[in-house]
Amino acid sequence: MAVFESQELRKPPISQVGIVHWLRANLFSSKVNVGLTLAALYMLYVTIPPMLNWMIFDANFNFGEFSLFGFEFGEVMATNINCGRSAACWPFIYEKFDMFIYGFYPRDLVWRVDIVFAMAALLFVIARLVRNYQHKSRFFLAMIIGFPIASFFLIAGGVFGLEEVETHQWGGLMLTLIIASVGIIISFPIGVMLALGRQSDLKVINFFSTIYIEFIRAVPLITILFMASFVLPLFFTGGVDFDKLLRALVAITLFQAAYFAEVVRGGLQAIPTGQYEAADAIGLNYVQKNALIILPQALKISIPNLVGSSISLFKDTTLVLIIGLMDMLAMVNMTANDIHWMGRETEGFVFVTMTMWVFLYSMSRYSKKLEVRFSTDHKN
Amino acid sequence: MKTENNNANIIQINNLNKWYGEFHALKNINLNIKEGEIIVVCGPSGSGKSTLIRCVNFLEKFQEGEIIVNGTQLTDDVAKIRSVRSEVSMVFQHFNLFPHLSIIDNLTLAPIWVHNESKEEAREKALKLLDRVGIKDQAEKYPNQLSGGQQQRVAIARSLCTSPKIMLFDEPTSALDPEMISEVLDVMIELAKEGITMICVTHEMGFARKVAQRIIFMDEGQIVEENDPETFFHHPESDRLKLFLDQILTH
């Protein structure tokens, strides 16, 4: 028998670290990989420089004269004609910016929308700053109830001496955000209930939840929007006139609830039966068991898919333009039909794409943050 | 239905039969357990011992027979089941701690939500219990940060938090590394001295010999033999038990 000394730690061999190793391991590890790398580089060479030229280097950024500290800058703002066709004409976006953001919302009232935007941003910052858990949950509760109500009255008006703005005047990014956030926030609790319903031992609840989810998921959103917009009013002939936006919101909420339900059900199925048994054994009732034990864990697992589904919905809101709601995407054609800015759709689409990307990428990053924050594994 | 109210028996099981589909899992079980008694249930795997104790707090439904726990007969009545469960605690093979809650929150959950205790009261009691099982310093950690033995001790503390009259142990040491088994058994031995009624499904024969007042041997869904530890180990009567003891004690 023998006893062994403990070994000293050594650095890994030089071939295992550094940039050369990384390149060799990730880009040039085999003949096929060398080929793919070169092909990818060629594709980038073909697409990126022309895109940068169009968007930046050859583009027109002439937004007109402005003065700073008494000095005059710039020249007369570019027009559609002297912009040229070979590169982007950003003054178009600059000129039509309000249309993209507010649609046909009365220009002298957009400050009300701005206040809502500012409130949202402020709440987000405060949510990041408040660290105390108890205050935080109270704050979130206030936010979830208070913010939508305040926003609604500010944007719609008609009370507190605010001038009423009818929903057909709402549009642009504002409308996109309203549809997406209302759709996501209201459908979420409905989706959770449907998911629980589909897991329920009560046959009737189980049956109806399953029928609902399977029916909605088998029908495209466009169909549901059409139904809500054109078919539903046929049933309500007796002077009941639902607002067009409200109809779209109902359709989108019902649609999204079915998708959330399936995502949450996936999370529920991942919870071991031992958790249900332990919750039963300590005497919790059905509501307590789900609210305190099962859902917190199931929803945590579901975060990536919940956010994924929300991102899909955010993009799908652009479909409302086919029932005549003027969301941000609809504004592209609207503004490019202006006699002074004919044919500037490309700039419009690029702008909408980039704006969408900012929102959707933020959502995706935020979901990553949530996953880390709720993780209870390996915390020192 | 008239129930024979025998004060001495805190658990009465009469003619209990249970099927999983076609499979007859428990066959005509009769068992009376007195208040403060410590029972060990053993037997080969698949013999129905876990199923039996899971029937006592109605985690498993049964088709025939009756179980009366602390004067309450178990039926589908949700309120009755909950009242029984608030008197009966269970410790599971795989601990079943709630991984999204800290240790202290795992302990205070039932006292706060089921027994309507105040947060402070529940917390104070929980800390005392954690101290008793020797892991007070881990109170703010999460279950996944603890070793298996520590997790099972937390689970025991959690089931003590509601001051139960009866404790059920479903193979509490089977999922543990050998070096952690004794720390859990030590806690259970301490408990046994305090007069809580305990039913313990286990393969730990050393533990059975030390604390059990009665040992029940089950095989193929029925009680084969029932005796005090001395007789059980040294003068087994049935061939099946002799074989079983041979198999587990020779290693």
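Residues numbered from 1 in each chain as written. Chains lettered and ligands numbered in written order. Predicted model: local features only at pLDDT ≥ 70, side-chain atom pairs only at ≥ 80, totals over all residues. Heavy atoms only, no water.

**Considering the overall build of chain A**
Per the secondary structure count, chain A includes 14 helices and two strands. In terms of C-alpha radius of gyration, chain A reaches 27 Å, well past the compact-globule figure of 21 Å for 380 residues. With 380 residues in all, chain A has 39% of them scored as buried. For chain A, the proportion of contacts with a sequence separation of at least 24, taken over those separated by at least 6, is 70%. As presented, chain A carries roughly 23300 Å² of accessible surface, and 69% of it is formed by carbon and sulfur atoms. With 27 positive and 27 negative side-chain charges, chain A shows a separation of 12 Å between the mean positions of the two kinds. (Helix = DSSP H or I, 4+ residues; strand = E, 2+ residues; numbered from the N terminus. Rg over C-alpha atoms; globule rule 2.2 N^0.38 Å. Buried < 20%, exposed > 50% of the residue type's maximum accessible area, 1.4 Å probe, protein only. Contact = heavy atoms within 4.5 Å. Areas by Shrake-Rupley, 256 points an atom, 1.4 Å probe, with all protein chains shown as cover. Lys, Arg positive; Asp, Glu negative; His and termini not counted. Charge placed at Lys NZ, Arg CZ, Asp CG, Glu CD.)

**A few points about the state of the cysteines**
A full pass over the atoms with the stated rule returns zero disulfides over all chains. No disulfide involves Cys 42 of chain B; its sulfur sits 10 Å from the nearest other cysteine sulfur, which is in Cys 200 of chain B. (Disulfide = S-S within 2.5 Å.)

**Details of the interface of chain B and chain A**
Taken together, the 24 residues of chain B in the interface contact 22 residues of chain A. Buried surface at the junction of chain B and chain A, both sides included, amounts to about 2000 Å², of which 58% is carbon and sulfur. Linking chain B with chain A are one salt bridge, by the criterion used here. The partner of Glu 277 of chain A in a salt bridge is Arg 54 of chain B, and the shortest N-O contact between them spans 2.6 Å. Those elements that place two or more of their residues in the side of chain B that touches chain A are α2 (78-85), β6 (88-91) and α3 (103-113) of chain B. (Buried area = accessible area lost by both parts, 1.4 Å probe. Salt bridge = Lys/Arg side-chain N within 4 Å of Asp/Glu carboxyl O.)

**Things to note about the pattern of salt bridges**
This model, assessed by the stated rule, comprises 19 salt bridges over all chains. Of the charged contacts, one joins Arg 132 of chain B and Glu 194 of chain B as a salt bridge, the two residues approaching to 3.2 Å between their closest N and O atoms. Pair noted here: Arg 132 of chain B is in helix α4 (residues 119-132) and Glu 194 of chain B is in the loop between α6 (178-192) and β8 (197-201), with a separation of 62 residues, a long-range link. A residue is classified by how much of its surface remains accessible, and Arg 132 of chain B, at 47% relative accessible area, is partly exposed. We classify Glu 194 of chain B as partly exposed; its relative accessible area is 46%. Salt bridges linked by common partners bring Arg 198, Glu 214, Glu 262 and Arg 265 of chain A together as one network.

**A word on helix α9 (residues 221-235) of chain A**
At 3.6 residues per turn, the α-helix brings residues three or four places apart onto the same side. Residues and elements named next belong to chain A. Taking 1.5 Å per residue, 15 residues should reach 21 Å; α9 reaches 20 Å between its end C-alpha atoms and fits that length. The largest bend in α9 comes to about 35°, at Ala 228. The set of residues buried in α9 consists of Leu 221, Ile 224, Leu 225, Ala 228 and Ser 229. Against α8 (203-217), α10 (244-269) and α12 (286-316) lie the buried residues of α9. (Expected span 1.5 Å × (residues − 1). Bend = angle between axes of the 7 residues up to and from the residue.)

**Focus: the domain arrangement of chain A**
How big an interface is tends to be stated in terms of the accessible area lost upon association of its parts. Domain boundaries assigned for chain A yield domain 1 (18-57) and domain 2 (91-374). Relative placement of domain 1 of chain A and domain 2 of chain A: their C-alpha centres are 38 Å apart. (Domains from an automatic or database assignment.)

**Overview of unusual backbone geometry**
Residues and elements named next belong to chain B. Even without glycine at this site, Asn 15 takes up a positive phi of about 45°. Looking at where Asn 15 falls in the secondary structure, it is placed in strand β1 (residues 9-20). Taking relative accessible area as the criterion, Asn 15 reaches 41% and is therefore assigned partly exposed. Phi is positive for Phe 95, which is not a glycine, with a value near 65°. Given a relative accessible area of 11%, Phe 95 falls into the buried group.

**Remarks on the sheet that holds strand β2 (residues 23-34) of chain B**
Residue and element names in this part refer to chain B. With antiparallel pairing, four strands are arranged side by side in an open sheet as β2-β1-β4-β5. Two strands bound the open sheet, and with one partner strand each, they are β2 and β5 (72-73). Of the strand pairs in this sheet, β1 and strand β4 (residues 64-69) are connected by five bridges, and their pairing is antiparallel. What sits directly across from Asn 17, in β4, is Glu 64. Contacts between helix α1 (residues 49-56) and the sheet are confined to β1, β2 and β4, with β1 contributing the most and set at about 120° to the helix. (Pairing = 2+ DSSP bridges. Axes fitted to C-alpha atoms, helices over the stretch in contact; angles between N-to-C directions.)

**A short note on the environment of Phe 139 of chain A**
Residue and element names in this part refer to chain A. Looking at the element boundaries, Phe 139 is found in helix α6 (residues 133-156). Phe 139 sits in the buried class, given a relative accessible area of 18%. In the structure, Phe 139 is positioned 13 residues away from Ile 126 in sequence and 9.2 Å away in space, judged by C-alpha atoms. In this structure Phe 139 touches Leu 123, Ile 126 and Ala 127, once residues within four positions along its chain are discounted.

**Description of the sheet that holds strand β10 (residues 222-227) of chain B**
Residue and element names in this part refer to chain B. Pairing is mixed in the open sheet, where six strands are placed in the order β6-β7-β8-β3-β9-β10. Each end of this open sheet is capped by a strand with a single partner; those strands are β6 and β10. Across the sheet, the axes of successive neighbouring strands diverge by a mean angle of 20°, strand direction being ignored. Sheet topology note: the strand β7 (residues 166-170)/β8 ladder contains five bridges and is parallel. By the bridge assignment for β8, Leu 168 is matched with Ile 199. On top of the sheet, α6 reaches β3 (38-42), β7 and β8; it is set at about 150° to β8, its chief contact. Set on the sheet, helix α9 (residues 239-249) makes contact with β3, β9 (214-219) and β10; between it and β9 the angle comes to about 100°.

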